[in-house]
Amino acid sequence: MKTTIVTLLVLVVLAAQMSTNAVAQSQVGCTVPTCTVTVSRSIVANDWGVAVMNDTIRLNATALVTYLTIGVPSTLAPRLRHVSATDSQGLVLEISQQPLNLTGNYEPIQVSLPASKQEGYTFTLSSVFTGLLRLNASSSTPQFVLSFSPFPVIDGTLKVTEASLNVKTSDWPSPAVTGVHGALSGGVFTARAAPLNAYNTTVATMAFSSTGTSQKLFDASGARSIAISSSGAVQVTDSYNITNRGVQVAALTFVLPSGASSITGRDLIGQLDSSKLTVTSPNGTTTVSVTPRFNSIATNATASLSLVYKLSTGATASQGMPGRYALTFRMFDDVKFFQPVFTTRISLPAGFRVSELTGQVPSISGGQILLQASSVSPLSKLSFTLTYQLDPFWAGLAPLSWAGLIEGALAASVLVYSVGVRGSVSGLAPSGLIGRFVELYDEKSAMRSEADRMEEDSNRGALNRSDYKRRKRSMELRLSEIDRALVAVKAELVNAQPRYSDLVKRVERAEAELQVTRSSLNDLRNQYRVGRISRELYESLTSDLIRRRERAQAAIDSVIIGLREETR
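What comes next is a walk through the structure. Each chain carries its own residue numbering, running from 1 in the direction its sequence is written. A pLDDT threshold of at least 70 governs which residues receive local features in this predicted model, and a stricter bar of 80 or more applies before side-chain atom pairs are shown or counted, although totals over entire chains, interfaces and linings include all residues. For the side-chain quantities, the full set of heavy atoms in the structure was used; hydrogens and water were omitted.

**With respect to the overall build of the protein chain**
For clarity, the threshold we go by: Numbered from the N terminus, helices here are DSSP runs of H or I no shorter than four residues, and strands are runs of E no shorter than two. The buried label applies to any residue whose accessible area, calculated with a 1.4 Å probe on protein chains only, is under 20% of its type's maximum; exposed applies above 50%, and partly exposed to all values in between. Only heavy atoms enter the contact rule, under which two residues are in contact if any of them lie within 4.5 Å. Each accessible area value is a Shrake-Rupley result obtained with a 1.4 Å probe; residue values ignore everything except the protein chains displayed when judging cover.
Each helix and strand in the protein chain was counted, giving 7 helices and 29 strands. Burial statistics for the protein chain: of 568 residues in total, 40% are counted as buried. Contacts in the protein chain between residues at least 24 apart in sequence constitute 74% of all its contacts with a sequence separation of at least 6. Total accessible area on the protein chain is roughly 29,300 Å²; 54% of this is exposed by carbon and sulfur atoms.

**Regarding the packing of aromatic side chains**
Rule in force here: To pair, rings of Phe, Tyr and Trp, with the six-membered ring standing in for Trp, must have centres within 6.5 Å; the planes then decide the type, stacked if under 30 degrees apart, edge-to-face if over 60, and tilted in the middle.
Taken as a whole, this structure holds 10 aromatic pairs when the rule is applied. Note on Tyr-240 and Phe-254: the rings are 4.5 Å apart at their centroids and 35 degrees apart in plane angle, and the pair reads as tilted. With Tyr-240 in strand β17 (residues 234-244) and Phe-254 in strand β18 (residues 252-256), the pair connects residues that are 14 residues apart, well separated along the chain. A single burial state applies to Tyr-240 and to Phe-254, both of which are buried.

**Notes on the environment of Tyr-309**
Let me state the cut-off plainly: Here a polar contact is recorded for every N or O atom pair within 3.5 Å, except that within protein the pair must consist of a potential hydrogen donor and a potential acceptor, and residues adjacent in sequence are included only if both atoms are side-chain atoms.
Looking at the element boundaries, Tyr-309 is found in strand β22 (residues 302-310). Judged by its relative accessible area of 0%, Tyr-309 is buried. Measuring from C-alpha to C-alpha, the distance between Tyr-309 and Thr-264 comes to 6.5 Å, with 45 residues separating the pair along the chain. Excluding its chain neighbours within four sequence positions, the residues that come into contact with Tyr-309 are Arg-224, Val-234, Gln-235, Val-236, Asp-238, Leu-256, Pro-257, Ala-260, Ser-261, Ser-262 and Ile-263. Among the polar contacts made by the side chain of Tyr-309, one reaches the side chain of Arg-224 at a distance of 3.1 Å.

**Here's the deal with the sheet that holds strand β16 (residues 218-228)**
Defined as follows: Pairs of strands are assigned from DSSP output, requiring at least two bridges between the strands. A fitted line through C-alpha atoms serves as each axis, taken over the contacting stretch for helices, and the angle formed by two N-to-C directions is quoted from 0 to 180°.
The 7 strands lie next to each other as β19-β22-β17-β16-β25-β28-β27, forming an open sheet whose pairing is mixed. A single partner strand is all that each edge strand has here, and the edge strands are β19 (261-266) and β27 (362-365). For this sheet the average axis-to-axis angle between neighbouring strands, irrespective of direction, equals 20 degrees. Here β27 runs beside strand β28 (residues 368-373); their pairing, made up of 4 bridges, is antiparallel. Its bridge partner being in β28, Ser-363 is matched across the sheet by Leu-370. Packing of helix α6 (residues 499-529) onto the sheet brings it into contact with β25 (342-347), β27 and β28, and relative to β28 it is tilted by some 5 degrees.

**Details of a positive patch on the surface**
Going by this rule: Every patch collects residues that have over 30% relative accessible area and no salt bridge, joining them within 9 Å if they carry like charges and within 5 Å if they are nonpolar side chains (Val, Leu, Ile, Met, Phe, Trp, Tyr). For this document, the term salt bridge refers to a Lys or Arg side-chain nitrogen within 4 Å of an Asp or Glu carboxyl oxygen. When charges are counted, Lys and Arg are positive and Asp and Glu negative, with His and the chain ends excluded. Note that the charge is assigned to NZ on lysines, CZ on arginines, CG on aspartates and CD on glutamates.
Together, Arg-465, Lys-469, Lys-472 and Arg-529 make up a positively charged patch on the protein surface. When residues of the positive patch are assigned to their parent elements, the largest contribution, 3 residues, is made by helix α5 (residues 465-496). By the secondary structure assignment, Arg-465 is in helix α5.

**A closer look at the sheet that holds strand β2 (residues 51-61)**
Two orientations exist for strands paired in a sheet by backbone hydrogen bonds: parallel and antiparallel. Spatial strand order, β5-β4-β8-β2-β1-β11-β14-β13: 8 strands in an open sheet with mixed pairing. Unpaired on one side and paired on the other, β5 (92-93) and β13 (183-185) mark the two borders of the sheet. Direction of pairing for β2 relative to strand β8 (residues 121-129): antiparallel, over a ladder of 9 bridges. Directly across from Thr-56, in β8, lies its bridge partner Thr-124.

**Some thoughts on the side chain of Asp-238**
Along the chain, the position of Asp-238 falls in strand β17. Residue classification places Asp-238 among the buried residues on the basis of a relative accessible area of 0%. A distance of 2.8 Å separates a polar atom in the side chain of Asp-238 from a polar atom in the side chain of Tyr-309. Setting aside its immediate chain neighbours within four residues, Asp-238 contacts Ala-223, Arg-224, Leu-256, Leu-305, Ser-306, Leu-307 and Tyr-309.

**Overview of the pairing of β2**
The pairing of strand β1 (residues 35-45) with β2 spans 11 bridges and is antiparallel. Counted as the bridge partner of Ala-45 is Ala-51 from β2. Connecting β1 to the antiparallel partner β2 that follows it, the hairpin turn spans 5 residues, and Gly-49 within it adopts a positive phi of roughly 100 degrees.

**Quick notes on the pattern of salt bridges**
Inspection of the entire model under this criterion finds 13 salt bridges. Between Asp-55 and Arg-41 there is a salt bridge; the shortest N-O distance is 2.7 Å. Here the residue Asp-55 occupies a position in strand β2, and Arg-41 occupies one in strand β1, the gap between them amounting to 14 residues. An identical accessibility class is assigned to Asp-55 and Arg-41; each is buried. Close ionic contact of Asp-544 with Arg-547 constitutes a salt bridge, the shortest N to O distance being 2.2 Å. Highlighted residues: Asp-544 and Arg-547, both in helix α7 (residues 535-566), separated by 3 residues, approximately one helical turn. With relative accessibility at 33%, the residue Asp-544 sits in the partly exposed group. A single network of salt bridges, built from pairs that share partners, joins Arg-345, Glu-513 and Arg-548.

**Overview of the nonpolar core**
As a reminder of what qualifies: Only buried residues count toward a nonpolar core, which is a set of Ala, Val, Leu, Ile, Met, Phe, Trp, Tyr and Cys residues joined through side-chain atoms within 4.5 Å.
Of all hydrophobic cores here, the largest spans 50 residues; its most connected members are Leu-68, Leu-113 and Phe-148. Among all residues touching Phe-148, those that are not within four sequence positions of it are Ile-43, Leu-76, Leu-165, Val-167, Val-177, Val-180, Thr-202, Val-203, Ala-204, Thr-205 and Met-206.

**Notes on the pairing of β28**
Among the 6 residues that make up β28, 5 are buried, leaving the element largely enclosed by the rest of the structure. As paired elements, β25 and β28 share 6 bridges and run antiparallel to each other. By the bridge assignment, Thr-343 is partnered in β28 with Gln-372.

**Here's the deal with unusual backbone geometry**
Cis geometry is adopted by the peptide bond preceding Pro-195, which originates at Ala-194 and carries an omega value of -5 degrees. Within the secondary structure, Pro-195 sits in the loop between β14 (188-193) and β15 (204-209). Of note, Asn-105 is a non-glycine position whose phi angle comes to about 60 degrees, a positive value. Summarising the element assignment, Asn-105 is placed in the loop between β6 (95-97) and β7 (106-112). Of the residues examined, Asn-105 reaches a relative accessible area of 39% and is grouped as partly exposed.

**Overview of the packing of α5 against α6**
Two quantities define a packed helix pair, namely the angle between the axes and the distance from one axis to the other. Running from amino to carboxyl end, α5 crosses α6 at an angle of 145 degrees, the nearest separation of the two axes being 7 Å. Along the contact surface, α5 presents Lys-490, Leu-493 and Val-494, while α6 presents Tyr-500, Ser-501, Val-504 and Glu-508.

**What about the packing of α6 against α7?**
Going by this rule: Comment on the angle field: the value is read as roughly parallel under 35 degrees, roughly antiparallel over 145, roughly perpendicular from 65 to 115, and oblique elsewhere. Helix crossings fall into two classes, left-handed where the near helix is turned counterclockwise from the far one by less than a right angle and right-handed where it is turned clockwise. Amino acid classes used here: Ala, Val, Leu, Ile, Met, Phe, Trp, Tyr, Cys and Pro are nonpolar; Asp, Glu, Lys and Arg are charged; the rest, including Gly, are polar.
The contact between α6 and α7 brings their axes to 9 Å, and the two run at 155 degrees. When the interaxial angle is binned, α6 and α7 end up roughly antiparallel. Our pair here, α6 against α7, has a crossing hand that is left-handed. Of the residues belonging to the contact of α6 with α7, the class tally is 18 nonpolar, 5 polar and 9 charged.

Pasting the structure below:
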């Protein structure tokens, strides 16, 4: 018996060692004995001030290499918002941002490589930064200053035989560069290092006058709403909140989807005069230049603008069946800014049935589809295809027919009431149904509050992670049951009396807002934890989102309280 036990223990130890060796062998870094690389870095700051850095890396390996690691100086790492990698064949590579390397004072970025690729393998690492470009208004002549890392940070195990730098200076007047030696010619600053020294965390700067350039600098956020009518027409509203961090600007320029027409603009006061909008169509796109109502936006001033436009009839295509259509839409291309979560809301008409939505993960509630993309940046290429069915009866009704239908319905209801229907009026919502709706929402609100308390307890260590996960999973299962029950109850409530339809829609809109704020708060918390945003910005944005969440919850509570009173 003892011999059997000892044998089993030996086998377990050997299996563990073999597993460890296999893992070690499967993860092989690019080190001096096995490979060398060359790096070509290009940096472009767009006209809204977001910097995109592309590192084209060519690998020459004499043995199997499964990953490669380069880094960003710790002074610039908090401004890194997005990173991705794609090889020369279009294959998307896995990225892993490692904890800050305190010894080398940089943040490593690990790129996983296909095992079959060794000699001459090329890929591009693309990074999006905000805050690298800033306005120095304290100098005698206001200047823009771009901070950048001329070359990737490497440790002593990676051999970079040659590194080159290319910074596009656009129309920047006489840029002065410090921190790296190079040459300026034809609107491009170039530099070279051969070989590249390890742990070089130099941050260079490029300063240029704020006059005589089209360069702008904005902090911005946006959202998109799409309304599909009963005839299949599509109207889009793009909303922006923009803070000017540069010098005073006279106009804002936006790129709209191809085929946009009937373009109008709005601000917080109301619709802008048509003279404030200039529409052009360069290179097959639609560009709109908007002059603010008061003709300019001062430094550190904020503007809230909305652009409303229609899409051409070619945006939707018939699918061969009566009332069946497909809407293929670039969700948000030509982005000039970075945003952690971008929200698109699609409003649906009566008689609308979603067949399929591909390209994004939807949240469908009542007459609205909610799409949330995380995140958006100048590198984003976001699209979706919505296949839907419009009931021919509803889709065929013209606006006057709608009016006639409504008037007929009202006349019929008056006639029914006047002749006196025996018993209760048809469509009267029973108190039991209302009570069930209120009961389910009371439970849902209570569980949501409990989940928030649990998360706070977990974050401060008052609740261990295993208990938190177990209780959270139990709550999620119960919330799913409640949502399924609410679907049936809401349908019965709406059918019982038309006026309950508006109450249900108000609750559903508030629920969608709660979902958006919850996702945004989680994303902000993650951004703050990894040092991507300052404490001041984190607290300011968090406070705004909490106020939005409280307003949404108050909207739900007001409906529930009103319905509860009806049951008494």
